[in-house]
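Working through the structure, step by step
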Amino acid sequence: MKILVAVKQVSILDDEFEMRDDGRGVDADFFEKDLNEFDHFAVEEALLIKEAAGEGAEVVVVTVGDDEADDALRTALAKGAERGIRVWDDSLAEVDSIAIAKVLAKVVEREAPDMVFTGAQSADFGHATTGMALAGLLGWPHAAVVSKLDFVPGAATATLHRELEGGLEEIMTIQCPAVLSIQLGINQPRYASLRGIRQAKQKPVEELDLDALGLGGGAVTSASRVRRMYAPEKGQAEIIEGTVAEQAARLAEIIKELRGI
Amino acid sequence: MAEILVIAEQRDGAFRSASLEAIAAAKSVKGGDGKLAVAIVAADPDALVGDVSVEGVDEVIAIKAGSNDFQPDLMEAVVAALAEARQPALIVAAHGVDAWSYAPVAAAKLGFGFASDVQALRYEDGELVATRAGYAEKVRVDLDFPGKEVVLVTIRTNVFDPAGGAGAPTVTAMDAPACDVSTAHVGWKQPEDAGGIDIPGSDFIVSIGRGVGDESKVEQFLELADQLGATLGCSRPIADNGWLPKARQVGQSGQLAANCRLYIAMGVSGSVQHQWGMKHVETIVAVNTDPEASIFSIARYGVVGDMFEIAEELENHF
Ligand SMILES: Cc1cc2nc3c(=O)[nH]c(=O)nc-3n(C[C@H](O)[C@H](O)[C@H](O)COP(=O)(O)OP(=O)(O)OC[C@H]3O[C@@H](n4cnc5c(N)ncnc54)[C@H](O)[C@@H]3O)c2cc1C
Ligand SMILES: Nc1ncnc2c1ncn2[C@@H]1O[C@H](COP(=O)(O)O)[C@@H](O)[C@H]1O
């Protein structure tokens, strides 16, 4: 039994940042990188299923990213995933999430897992695209924003909750294997133990390029292109300056005025 | 000008009004001689034709399905069939949880241009350009779709004013295409009882986000809200952690602060899903240590600072 979890190393912008000279991105000096929050939940869900299944079960994590994305894999390995796969080629630097899905589809074909998890969305760009596009390319059953899952490895169907607007949930069954995008709150992600972190260093991470996946020669095309990137117009917020006491006093004034007290 | 197609949605037979925002987005790029068709898939689609017969819609395609259940496979087959039959240049849907499940799938399968969570559409020198946000709402990205004959986009809610006004579209009836479906509806789970907490009814909300850091710090904000005469709200991670009941969660998967007039967000970054529940509030005050937090872009007043220090000082005034 194998569950494949796609994980993304997301970019967190510094408080201040500058755009690149070509106006199509942010200068790379102004980021920090971290494992996507949603992917912590996807990894945890896979680990819980693996642990319940016992011997012979495996969680494999895959990322499409440059060497900075290794940290995302190591985080997941430290929590208990068995091995990692990192796919990279410099030609992927500017591709969109549909192109990422094309790469992931080849990895899924190679690994033939019993289930694939992604996060519901990435915290930086929030496309909510990659997992479901992957399902489309594979022709696999799929469900987005899964907030509860009942899956016994080997079973032909799983039962899940799809979280909808306003806190409503739909309960549905789905044929397996499937691609599911995992929602925040489906579980309580564990922290890696010190032992886990040490062990993760020894766990195998396979590095693949596009040729290895049969995707050389420009086979990975995007469904969109960034024309320009820019800081949005600043809102109308009046920034309250001063010492903390002065700021709080002004805030109290605003509250009292609006509340008529 | 080629046709624009909007995929409208229903849930359990009830029309989803976000589809009117998708229609408005489509209208924003409809040329004078363009044609706008709206498709709706339901067990009884005729019952929903009126909902989408708004000004600017030229045709409603009423697609009869075996049930009202949401089947991603079926929606993808519908998109494929309509794209084939109509050759639209642009297909538009609302960026709701249902579209999350079928729109990227259809786009990837059919090789369409694609952008999700789009906030603006326009043509620049004859090329479609879609604007969306990036880096946790801190930048805007303009996307184009070189070489793509069909582009599918999903539209962020609460950006476009819903299309309205009476229209007189022609109505075309169609049967849903035959397809294998791999999911089956079992039932619904309603949100938990609010236990007397009334976010929708409250006119003054103090809301805390992950900036609160620790469960032990939550209590002091319950007390602060009490002292100020406000209802305490929260962002999703606070409810997911079980630090506050779900009934206090403001946002897309929680509550809409429908009657709120003053909303003080402390340690909330201002994600699109949180904004969904409070962006409309007349006076929003944001307290956040990050001057670039997107909550400031919708706030009327901002304090760049520590929520604990501000809270402590604030107590002295009430
Ligand atoms: C389908 C779906 C539905 C969702 N529905 C909802 C929903 O209904 N409601 C919701 O809220 N989210 C929802 N989310 C989650 C959403 O995407 C965000 O993850 C969430 O809103 C982030 O919450 P936050 O702002 O508290 O946390 P963060 O984004 O982590 O922000 C914390 C903020 O606190 C600030 N901060 C830190 N320390 C301090 C301090 N001492 N003083 C002041 N500021 C400080 C930081 O600068 C930061 O801006 C949903 C997501 C999905 C995919
Ligand atoms: N570069 C990537 N490598 C691996 N998985 C990814 C990558 N980008 C996105 N994903 C997966 O797709 C999910 C949703 O991302 P997105 O479509 O960007 O919102 C993430 O939570 C990951 O599980």
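Residues numbered from 1 in each chain as written. Chains lettered and ligands numbered in written order. Predicted model: local features only at pLDDT ≥ 70, side-chain atom pairs only at ≥ 80, totals over all residues. Heavy atoms only, no water.

1. Quick word on the overall build of chain A
The number of helices and strands found in chain A is 6 helices and 13 strands. Dimensions of chain A, computed from C-alpha atoms along their principal axes, come out at roughly 65 × 45 × 40 Å. A separation of at least 24 residues holds for 69% of the contacts in chain A among residues at least 6 apart in sequence. Positive and negative side-chain charges of chain A, numbering 27 and 46 respectively, have mean locations separated by a distance of 3 Å. (Helix = DSSP H or I, 4+ residues; strand = E, 2+ residues; numbered from the N terminus. Contact = heavy atoms within 4.5 Å. Lys, Arg positive; Asp, Glu negative; His and termini not counted. Charge placed at Lys NZ, Arg CZ, Asp CG, Glu CD.)

2. Remarks on the interface of chain A and chain B
In this assembly, 76 residues from chain A lie in contact with 88 residues from chain B. Counting across the chain A and chain B interface gives 12 salt bridges. Measuring nitrogen to oxygen at the nearest pair gives 3.3 Å for the salt bridge that ties A:R227 to B:E127. Linking chain A with chain B are 38 residue pairs in polar contact (both at pLDDT 80 or more), by the criterion used here. Where the side of chain A that touches chain B is concerned, the elements lending two or more residues are strand 2 (9-13), helix 4 (130-138), strand 7 (142-150), strand 8 (157-163), strand 9 (169-175), strand 12 (225-230), strand 13 (238-239) and helix 6 (244-259) of chain A. In terms of residue count, the dominant contributor to the side of chain A that touches chain B is helix 6 of chain A (13 residues). The residue makeup of the side of chain A that touches chain B, split by class, is 40 nonpolar, 20 polar and 16 charged. (Salt bridge = Lys/Arg side-chain N within 4 Å of Asp/Glu carboxyl O. Polar contact = N/O pair within 3.5 Å; in protein donor to acceptor, adjacent residues only side chain to side chain. Nonpolar A, V, L, I, M, F, W, Y, C, P; charged D, E, K, R; others polar.)

3. Considering the state of the cysteines
On inspection of all chains with the given rule, the structure shows 0 disulfides over all chains. Free of any disulfide, A:C176 has its nearest neighbouring cysteine sulfur in B:C179, separated by 19 Å. Left unpaired, B:C234 is separated from the closest cysteine sulfur, that of B:C260, by 14 Å. (Disulfide = S-S within 2.5 Å.)

4. Some thoughts on the environment of B:L244
Residue and element names in this part refer to chain B. Position of L244 among the secondary structure elements: in the loop between helix 6 (236-240) and strand 16 (262-266). By relative accessible area, L244 is classed as buried at 5%. In this structure the C-alpha to C-alpha distance between L244 and L121, which are 123 residues apart in sequence, comes to 39 Å. In contact with L244, other than residues within four places in its own chain, are I208, V218, L222, L232, C234, I238 and A239. (Buried < 20%, exposed > 50% of the residue type's maximum accessible area, 1.4 Å probe, protein only.)

5. Points about the nonpolar core
Counting 103 residues, the largest nonpolar core has A:V5, A:F117, A:L149, A:L180 and B:I7 as the members making the most contacts within it. In this structure, A:F117 is in contact with A:I3, A:L4, A:V5, A:A6, A:A42, A:E45, A:A46, A:I49, A:L149, A:L180 and A:I182, ignoring residues within four places of it in sequence. (Core = buried A, V, L, I, M, F, W, Y, C linked by side-chain atoms within 4.5 Å.)

6. A look at empty space enclosed by the protein
Counted by the stated rule, this structure contains 3 cavities of 30 Å³ or more. Within this model, the largest cavity holds a volume of roughly 110 Å³. Contributing elements (two or more residues each) for the lining of the largest cavity: strand 4 (35-42) and helix 3 (72-86) of chain B. Tallied by class, the residues present in the lining of the largest cavity amount to 7 nonpolar, 3 polar and 3 charged. Here the second largest cavity is characterised by a volume of approximately 70 Å³. The wall of the second largest cavity is formed by A:Q121, A:G126, B:H95, B:W100, B:D117, B:R156, B:T157, B:Q252, B:V272 and B:Q273. Among the residues forming the lining of the second largest cavity, the class breakdown is 2 nonpolar, 6 polar and 2 charged. (1 Å grid on protein atoms, 1.4 Å probe; cavity = no way out; pocket = protein on both sides within 12 Å on 5 of 7 lines; lining within 4 Å. Points joined across faces, edges and corners; volume = space filled by probe spheres on them.)

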